[in-house]
Amino acid sequence: MSVREVHRALDAARGYHYEDHQAALDEAVRAHEIADTLDDGPLRCRALVLQAAVMLQRGDLHGAVTLTTEATPFAEGDAVRAELAAVKSQLNFFAGSYPESLQHAQSGIELADRTGDLGL
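Before going into details, it helps to say that this report is about the structure given with it.

Moving on: the nonpolar core. L10, C45, V49, M55, A64, A71 and V87 are the most contacted members of the largest nonpolar core, which has 27 residues in total. Those elements that provide at least two residues to this core are α1 (3-16), α2 (21-38), α3 (41-57), α4 (61-71) and α5 (78-94). In terms of residue count, α3 provides more of this core than any other element does, eleven residues in total. If we ignore the near neighbours within four places in the chain, the residues touching C45 are A71, F74, A75 and V80.

What the largest pocket holds in volume is close to 380 Å³. Around the largest pocket, the lining comprises 21 residues; the ones closest to its centre are R14, E83, A86, V87 and L120. Considering every element that reaches the lining of the largest pocket, the biggest residue donor is α5, with six residues. Here the lining of the largest pocket is built from residues that sort into twelve nonpolar, six polar and three charged.

Moving on, we come to α5. Taking 1.5 Å per residue as the helical rise, α5 with its 17 residues ought to reach 24 Å, and the 24 Å between its terminal C-alpha atoms agrees with that figure. Contacts from the buried residues of α5 go to α1, α3, α4 and α6 (98-115). Positive backbone phi, approximately 90°, marks G96, located one or two places after α5.

If you trace the backbone, Y18 turns up in the loop between α1 and α2. Using a relative accessible area of 48% as the deciding quantity, one classes Y18 as partly exposed. With 28 residues separating them in the primary sequence, Y18 and R46 have C-alpha atoms 16 Å apart. Excluding residues within four positions of it along the chain, Y18 makes contact with Q57 and Q90. Polar contacts involving the side chain of Y18 include one to the side chain of Q90, which spans 3.5 Å.

So, how was this worked out
Residues numbered from 1 in each chain as written. Predicted model: local features only at pLDDT ≥ 70, side-chain atom pairs only at ≥ 80, totals over all residues. Heavy atoms only, no water. Core = buried A, V, L, I, M, F, W, Y, C linked by side-chain atoms within 4.5 Å. Buried < 20%, exposed > 50% of the residue type's maximum accessible area, 1.4 Å probe, protein only. Helix = DSSP H or I, 4+ residues; strand = E, 2+ residues; numbered from the N terminus. Contact = heavy atoms within 4.5 Å. 1 Å grid on protein atoms, 1.4 Å probe; cavity = no way out; pocket = protein on both sides within 12 Å on 5 of 7 lines; lining within 4 Å. Points joined across faces, edges and corners; volume = space filled by probe spheres on them. Nonpolar A, V, L, I, M, F, W, Y, C, P; charged D, E, K, R; others polar. Expected span 1.5 Å × (residues − 1). Polar contact = N/O pair within 3.5 Å; in protein donor to acceptor, adjacent residues only side chain to side chain.

Written as structure tokens, this is what we have:
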């Protein structure tokens, strides 16, 4: 499987993680293993961010914070940083830090708009 195919699989999993979080988590873990093997920082970040989104959905704020913290150094490129900002926005919202949540949301929207990717 090519790196491009792994990115597409993560795109798809991001789209269905609310309905089937276990399948999305499995895809994210697989992508993370591939990213580690290839030493691909942006792919690693996206995989960790999707895992964090699933943890957040399951109510595991601590796990989601740990994963986003691990992902942050690998956030390269507007699309990857937009995904990270979106999850950080949700984390801060649920943690009660509303101003920081809004800052991440605004940043994520600006980054996503730059990419032209409507899915973001």
